[in-house]
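If you want the building blocks of each chain, they are given just below.
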Amino acid sequence: MGVEAHATNERVTGRRWTVRLDPVGRGRADVRVSCSRPACAAQVLPSAADGRTAAIAHLKAHLRAGPAPRPSVQCACRAEECHTHIRPAGPRERPVPWRCGGAVVLAVITDREGRWWQVLECCSRCAAAHPTAKVVATAQAAEAPAQARADGFRADAPAPATPGGPAATTPTFSAISPHFSHSATAAAATGTAVPQQASGPRSSAPRSAPRSARPTRKRPPRGRIAQRLVPHDLRPVALRDELTELGELFRAYQARTEPDLAVLADLHARKAEAFNAWAEVTADTGLRLDARRAEQAAATARLQHLHRIGQAPDGEGPAVVRLLTAPAQWNHARAVLAHVAENAPLPGAEARLLVLMVTLRTAQSGVGNLVGQDIKGLPLQDPEHLVGQLVESGWLGISGTVEELIASRPESPTRISVPSLTPDEDDPGPFTFGRKLRPKLSGWAQRVVGEKKLRKGKTGADVRLLALALATGADGEGRLGPGGEGIGLDALASWCTVDPGDLPDLVDRLTAADWLAEADVTGTLLTGRLTERVLPLGCPLT
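All values reported here derive from a predicted model rather than from experimental measurement.

K.L.:
What is the right way to look at the environment of Val-135 in this model?
P.N.:
With respect to the element layout, Val-135 can be found in strand S6 (residues 134-138). Since its relative accessible area comes to 46%, Val-135 is described here as partly exposed. Expressed as a C-alpha distance, the spacing of Val-135 and Val-119, which sit 16 residues apart in the sequence, is 9.6 Å. When sequence neighbours within four positions are dropped, the list of residues in contact with Val-135 reads Val-105, Leu-106, Ala-107 and Ala-127.

Here it is in structure tokens:
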């Protein structure tokens, strides 16, 4: 028995790796192909058919480049406590890991749906136990036990010769041959003779190794998910691997610095499916309840994600019908506000508001049309003087006089130009959106600035600038700031060109106009949310 225990140390576990095909996201056609080998990077393919072709090609490349199966390795599925292995005959006997039967082979096992492919270096008996296994290579036959017995358990028995060549230079040992100590093995490897034990009446049979020298069988590390340990003997193995992987993915998600509700929804959906399968195997009611809770969590996270990006669940109308409908449009609106804040030629809230509206009229080409009502509709105390200052500064160019611009009507608009926005060969301009989006952005800003209750409340330019900032600084549910954590007062005061101490008054004006709810101004932040009435004017943070 000691001989067999020592022989276990001479064998290494067979190779095993997996190629998987997983969806990138629910409702999407593209798939991700990943390989468990550390050097292989995942790749995304546009369809399941392309992904399956790439996965099979990747697997074949590994099989062509990898070495042939080794006849002396321990069966790879031994770590899985494969049921085809022969069990020990008695309570004190140790099983022999490679006594399944047959030669060592390289087998490919796949699931019936074609979602994963696993390569195992195992014995042929274990390969035959899997209905989907295909043997791609077989190891050359190792030294037979009968030959080892014919050698009389001699420690100095010559090593077997390789087919068609001289004897091997490194001794090989069968499963029942003696196992020398570490120093003796090292001496044999360096060509030094191994001293023989002196003959005597009690030296003819090999002695068992002391109990402390016998290798300790260690179970593989157990997976953990949702405060549950995944059993070693859970079958099918694919379910156990899925539960273990999900536990690792949930822990990795919790370590993220930024949430991703779409990823979280997919994880909960996979957890629900896996826990349902686990419950079917074990008949555990608690697992079924956990699976139901995971389904509810997946639905909630997915709905929150859709609300955040302004989309509607399948089969429903949009949660919020927004004036600007896509995340790219929301980002372009924020880019225009940031550009105006950095490049306004005149100080003051009124000047900044006028510069913003003119910028949106000329953003794409640097030229546009303007009528008197566009200017007179803004809360400006002296619009003619302000337009004159912009013309004198060189930032604005008009075809005619300021008086003609203020008096112009829609049937005869005034041509205006902003030289700093006019693209040329060396400078394409500060904005990247096209002609079709420019009027949408301009119309959105006009709707916010000229909102009915803001006009009836006779709010000033600073209040309307604050309304623009909050419309672009809330999430899909209207909560201010990323994750509803609020917006910094310094940033808001700089945009509205007011002192931070004046912001509480502006916030009160917006609250009275039914723009804000639950507003709270602390030392550094403004928290609260936009009211349901103005959510369609928002550009949610993504």
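Next comes the rest of the account.
K.L.:
How do you make sense of the packing of helix H10 (residues 349-362) against helix H14 (residues 437-449) when you look at a structure like this?
P.N.:
Axis angle and axis distance: for two packed helices, these are the angle between their axes and the distance between the axes, and together they describe the pair. Taken N-terminus to C-terminus, the directions of H10 and H14 make an angle of 155°; their axes are 8 Å apart at the nearest point. When the axes of H10 and H14 are compared, the pair comes out roughly antiparallel. Within the contact between the two elements, H10 uses Leu-353, Met-357, Leu-360 and Arg-361 and H14 uses Arg-438, Leu-441, Ser-442, Ala-445, Gln-446 and Val-449. Looking at the contact of H10 with H14 residue by residue, the class counts come to six nonpolar, two polar and two charged.

K.L.:
So what exactly am I meant to see when it comes to a negative patch on the surface here?
P.N.:
On the surface, Asp-382, Glu-384, Glu-403 and Glu-404 cluster together to form a negatively charged patch. Structurally, Glu-404 is set in helix H13 (residues 402-407).

K.L.:
Got a minute to help me understand the pairing of strand S11 (residues 414-417) in this structure?
P.N.:
Sheet faces and side chains relate simply in a regular strand, where the side chains alternate between the two faces. The side-chain alternation of S11 yields one buried face, formed by Thr-414 and Ile-416, and one unburied face, formed by Arg-415 and Ser-417. In terms of strand pairing, strand S9 (residues 367-370) meets S11 through four bridges, oriented antiparallel. Looking at the pairing, Gly-368 lines up with Ile-416 of S11. Where strand S10 (residues 397-398) and S11 come together, two bridges link them in antiparallel fashion. The partner of Ile-398 across the bridge, within S11, is Ile-416.

K.L.:
Looking at this structure, how should I read the packing of aromatic side chains?
P.N.:
In this description, an aromatic ring pair is defined by two values, namely the gap between the centres and the angle between the planes. Applying the stated criterion across every chain yields a total of two aromatic pairs. With a centroid separation of 5.5 Å and an interplanar angle of 80°, the aromatic rings of Phe-275 and Trp-278 are classed as edge-to-face. Of this pair, Phe-275 and Trp-278 are both found in helix H7 (residues 261-282), three residues apart, which corresponds to roughly one turn of the helix. Per residue, the accessibility class of Phe-275 equals that of Trp-278, and both read buried. Here the aromatic rings of Phe-431 and Phe-433 are separated by 5.5 Å at their centres, their planes lie at 25°, and the arrangement is stacked. When the ring centre of Trp-17 is taken as origin, the NZ or CZ atom of Arg-37, which lies over that ring, is 3.9 Å away. A cation over a ring is seen here: Lys-271 above Phe-250, with NZ or CZ 5.8 Å from the ring centre.

K.L.:
I keep staring at the packing of H10 against helix H12 (residues 383-392) and nothing clicks. Help me out?
P.N.:
Their axes nearest at 11 Å, the elements H10 and H12 cross at an angle of 70°. Judged by the angle between their axes, H10 and H12 are roughly perpendicular. Taken as a pair, H10 and H12 cross one another with a handedness that is right-handed. Contacts from Glu-350, Ala-351, Leu-354 and Val-355 in H10 reach Leu-386, Val-387 and Leu-390 in H12. Taken together, the residues of the contact of H10 with H12 break down into six nonpolar, no polar and one charged.

How each quantity is defined
- Residues numbered from 1 in each chain as written.
- Predicted model: local features only at pLDDT ≥ 70, side-chain atom pairs only at ≥ 80, totals over all residues.
- Heavy atoms only, no water.
- Helix = DSSP H or I, 4+ residues; strand = E, 2+ residues; numbered from the N terminus.
- Buried < 20%, exposed > 50% of the residue type's maximum accessible area, 1.4 Å probe, protein only.
- Contact = heavy atoms within 4.5 Å.
- Axes fitted to C-alpha atoms, helices over the stretch in contact; angles between N-to-C directions.
- Parallel < 35°, antiparallel > 145°, perpendicular 65-115°, else oblique.
- Nonpolar A, V, L, I, M, F, W, Y, C, P; charged D, E, K, R; others polar.
- Patch = residues over 30% accessible without salt bridge, like charges linked within 9 Å, V, L, I, M, F, W, Y side chains within 5 Å.
- Areas by Shrake-Rupley, 256 points an atom, 1.4 Å probe, with all protein chains shown as cover.
- Salt bridge = Lys/Arg side-chain N within 4 Å of Asp/Glu carboxyl O.
- Lys, Arg positive; Asp, Glu negative; His and termini not counted.
- Charge placed at Lys NZ, Arg CZ, Asp CG, Glu CD.
- Pairing = 2+ DSSP bridges.
- Phe/Tyr/Trp six-rings, centres within 6.5 Å; stacked < 30°, edge-to-face > 60°.
- Lys NZ or Arg CZ within 6 Å of the ring centre and 35° of its normal.
- Left-handed = near helix turned anticlockwise from the far one by under 90°.

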